[in-house]
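Observations on chain architecture
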Amino acid sequence: MIKVAVIEDDIDVARFHRLFLSKVAGFELIGEAHTLEQGVHLIQTQKPDLLLLDVFVGQENGLDVLKRIRAEDTNTDVILITSANDAKTVQTGSRYGVVDYLIKPFSFARFQEALNRYRASQLDANASFTQQDVDRLLHKGGQRKVYALPKGIAKETAIRVLSCLIEADDSLAAAELEARTEISHVSLRKYMRFFEEEQLVEKELVYQSSGRPLQTYKASPEAALFLKASFI
């Protein structure tokens, strides 16, 4: 379970954060602060994995907390959620390594996409990596892949399905994917065809003792890159 803390001075907005978080599996809200002082204490005592951070917190600047986290080498990732859309704030967030940036007002779909993308990007602490693995992860040695999504393929839904496959311990049958993603059989087939064409999934036939062979799917090594891709 990914532990999440929130620093947001607007009580109504904080309530929406709680509501949205409750709808995304794999995340647990462990604390909420309405001032930067409370937020710093929350981070120090609860040690969240992920912080949802506003920039305008009363008369203070949430970026000061972001800078402090980085200066103290605190093991907390940050998503900025703010009405600030000026170049300086966006650039500062990027330079200090925010994992996403949501501009208010935002939809639940965009919020869910940010969390799913973050969850899928988490590394196994016991894993080791080849140079190719690291190059893929950091998008070095070439252009970031740009996907032209065909008509009928929604970015948010595609991310949801791939995130489900990436998180699965084993291959999943179509029926399991339908249940976990709450997507209809007809829609899911359309997405799986797209993923196969882009080599984002690997399909396997499992022969059963009786009845037709069962088609199962698992995420390919390229699937994680899709979650970090640009779209046109």
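As the structure is a prediction and not an experimental result, all values here were calculated from the model. (Residues numbered from 1 in each chain as written. Predicted model: local features only at pLDDT ≥ 70, side-chain atom pairs only at ≥ 80, totals over all residues. Heavy atoms only, no water.)

Quick look at the sheet that holds strand 1 (residues 2-7) now. Read from one edge of the open sheet, five strands run 2-1-3-6-7, paired in parallel fashion. The sheet is open, and its two borders are formed by strand 2 (27-33) and strand 7 (100-103), each paired with just one other strand. In this sheet, adjacent strand axes meet at a mean angle of 20° when their direction is disregarded. As defined by bridge partners, strand 1 adjoins strand 3 (residues 50-53) across four bridges and the pair is classed as parallel. (Pairing = 2+ DSSP bridges. Helix = DSSP H or I, 4+ residues; strand = E, 2+ residues; numbered from the N terminus. Axes fitted to C-alpha atoms, helices over the stretch in contact; angles between N-to-C directions.)

For the rest of this paragraph, the subject is unusual backbone geometry. Cis geometry marks the peptide bond from Lys104 to Pro105; its omega dihedral reads -10°. Here Pro105 shows up in the loop between strand 7 and helix 5 (108-120). The backbone phi angle of Lys47 is positive, close to 50°, even though this residue is not glycine. Position of Lys47 among the secondary structure elements: in the loop between helix 2 (36-46) and strand 3. Residue classification places Lys47 among the exposed positions, given a relative accessible area of 55%. One non-glycine residue, Gln199, lies in the positive phi region at around 60°. With respect to the element layout, Gln199 can be found in the loop between helix 9 (185-197) and strand 10 (201-206). (Buried < 20%, exposed > 50% of the residue type's maximum accessible area, 1.4 Å probe, protein only.)

Okay, the UniProt feature "domain: Response regulatory" (unreviewed entry) in the protein chain next. Here, the residues flagged by UniProt with the feature "domain: Response regulatory" (unreviewed entry) are residues 3-119. Note that residues 3-119 is 45% helix and 26% strand, and that its end C-alpha atoms are spaced 11 Å apart. (UniProt positions renumbered as here; feature names shortened; annotations may be inferred.)

Another point: the nonpolar core. Across soluble globular proteins, you tend to see nonpolar side chains buried next to one another. In terms of nonpolar packing, the biggest core is built from 26 residues, with Leu162, Leu165, Leu177, Met192, Phe195 and Phe226 touching the most fellow members. When contributions to this core are tallied by element, the ones reaching two or more residues are helix 7 (155-167), helix 9 and helix 10 (223-227). The biggest single contributor to this core is helix 7, with six residues. Beyond its immediate sequence surroundings of up to four residues, Phe195 is in contact with Ala158, Val161, Leu162, Leu200 and Val201. Leu53, Leu63, Val78 and Ala84 belong to the second largest nonpolar core, which has 20 residues in total. (Core = buried A, V, L, I, M, F, W, Y, C linked by side-chain atoms within 4.5 Å. Contact = heavy atoms within 4.5 Å.)

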